[in-house]
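Survey of secondary and tertiary structure
Residues per chain, in single letters:
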Amino acid sequence: MGRRNKSRSKLPSRQKYEKNNPTVSARISIQNRDKLRLVLRKQGTTLPKVLIAFANEQEIKLKSIEDAKKASYELGFRDAKVSFAVSFPCPKCGHTIFVNGPEQIAQIRELIIKARLAHPECPIPYLPKLTAPKPTVPNMSRPNPNPPVVPVAKSNGNRDKILNFLQEQPGMQQMLKSDSNKKSQNGN
Amino acid sequence: MDDIEEFKKNFPFVLIMLPVKTHNKLLVKLDKRGLTLEEFLTAFANGKISNLDS
């Protein structure tokens, strides 16, 4: 009395539904089930929708090599622009202006050279080497009737400028004085 | 029996009813990827599968 027969046959409509919509079942741990519920709630979706999307998902098409090259070049160019591009705001509108073109680069180069920026580890400022003509050894066995004409470099004032610069440097005056003293002692 | 009950408690069922065609597609897809439904659901829960246009 009142006991239900467990082997009761299902209704035809139920049978049809279950035939058309079979059950997919899985057992996962409680932690993962809670995570799954959280993820689904965050994404505002349901598990059947996720599984349908996965089932209908198109296979990922691989990009061609040319497309990949182009994409990587653009990516590298963007990174390099972020790292090395020099920009400044426009004084009128405030928008960014990128330094572009050989003329602007040359002007900036000139300013940097004038500012005498140097390696922090370099102790002495860079000076161009003074090239002196090699001394010629005279032939003492017999006099040369036509002695070779040694070209004399015209002084363009660079030497004087450099000497003045060296004299202005601290510590260089003492060195120059000591050199001149040595020369005078050798001359005596 | 206690072990089985413990297992059932720790690993509850997740039931989903899907249309037959989708069900078959899902089985094919899982088979292609070499995944079981449990592995797929675990991966999805851990954010390893997120680019599904659901």
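Values in this document were obtained by computation on a predicted structure and should not be read as measured data.

**A word on the overall build of chain B**
Across its full length, chain B holds three helices and one strand. Going from the N terminus to the C terminus, chain B shows its helices and strands as α-β-α-α. Taking all 54 residues of chain B together, the buried fraction comes to 17%.

**Some points on the interface of chain A and chain B**
Taken together, the 28 residues of chain A in the interface contact 27 residues of chain B. For the side of chain A that touches chain B, the secondary-structure elements that each account for two or more residues are strand 1 (23–27), helix 2 (30–43) and helix 3 (47–56) of chain A. At ten residues, helix 3 of chain A tops the list of elements feeding residues into the side of chain A that touches chain B. Its residues assigned to classes, the side of chain A that touches chain B comprises 15 nonpolar, eight polar and five charged. One ladder, built from five bridges, connects strand 1 of chain A with strand 1 (residues 13–17) of chain B; its direction is antiparallel. Paired with Thr23(A) across the two strands is Met17(B), which belongs to strand 1 of chain B.

**What about the confidence of the model for chain A?**
On average, residues of chain A score 74 in pLDDT, and 59% of them are at 70 or above. The element-level mean pLDDT for chain A is lowest in helix 7 (residues 172–187) of chain A, coming to 57, with helix 1 (residues 12–20) of chain A highest at 90.

**Things to note about the packing of helix 2 of chain A against helix 3 (residues 37–45) of chain B**
One way to put it is that helix 2 of chain A packs onto helix 3 of chain B with a least axis distance of 8 Å and a crossing angle of 60 degrees. As judged from the angle between their axes, helix 2 of chain A and helix 3 of chain B are oblique. Crossing of helix 2 of chain A over helix 3 of chain B shows left-handed handedness. For the pair helix 2 of chain A and helix 3 of chain B, contact is made by Asn32(A), Lys35(A), Leu36(A) and Val39(A) and by Leu41(B), Thr42(B), Phe44(B) and Ala45(B), respectively. Here the contact of helix 2 of chain A with helix 3 of chain B is composed, by residue class, of five nonpolar, two polar and one charged.

Conventions we followed
Residue numbers run consecutively from 1 along every chain, following the written order of its sequence. Numbering of ligands from 1 and lettering of chains from A proceed in the order in which they are written. In keeping with the predicted nature of the model, local features appear solely for residues at pLDDT of at least 70, side-chain atom pairs appear and are counted solely at 80 or more, and the whole-chain, interface and lining totals rest on all residues. Elements are defined by DSSP. Helices are runs of H or I of four residues or more, strands are runs of E of two residues or more, and each kind is numbered from the N terminus. Exposure classes come from backbone-placed C-beta atoms, where a residue is buried if 20 or more other C-beta atoms lie within 10 Å of its own, exposed if 12 or fewer do, and partly exposed in between. Contact between residues is assigned whenever the C-beta positions, reconstructed from backbone atoms, fall within 7 Å. Under the convention adopted here, Pro, Cys and the residues Ala, Val, Leu, Ile, Met, Phe, Trp and Tyr are nonpolar, Asp, Glu, Lys and Arg are charged, and Gly plus all remaining residues are polar. Pairing between strands is defined by DSSP: at least two bridges between the two strands are required. As a per-residue measure, pLDDT reflects the predictor's confidence and takes values from 0 up to 100. Axis definition: a line fitted to C-alpha atoms, limited for helices to the stretch in contact. Angles are taken between N-to-C directions and run from 0 to 180 degrees. Geometric relationships in this document are graded by angle, where less than 35 degrees denotes roughly parallel, more than 145 denotes roughly antiparallel, 65 to 115 denotes roughly perpendicular, and other angles denote oblique. Crossing chirality is assigned from the near helix's rotation relative to the far helix, an anticlockwise turn below a right angle marking it left-handed and a clockwise turn marking it right-handed.

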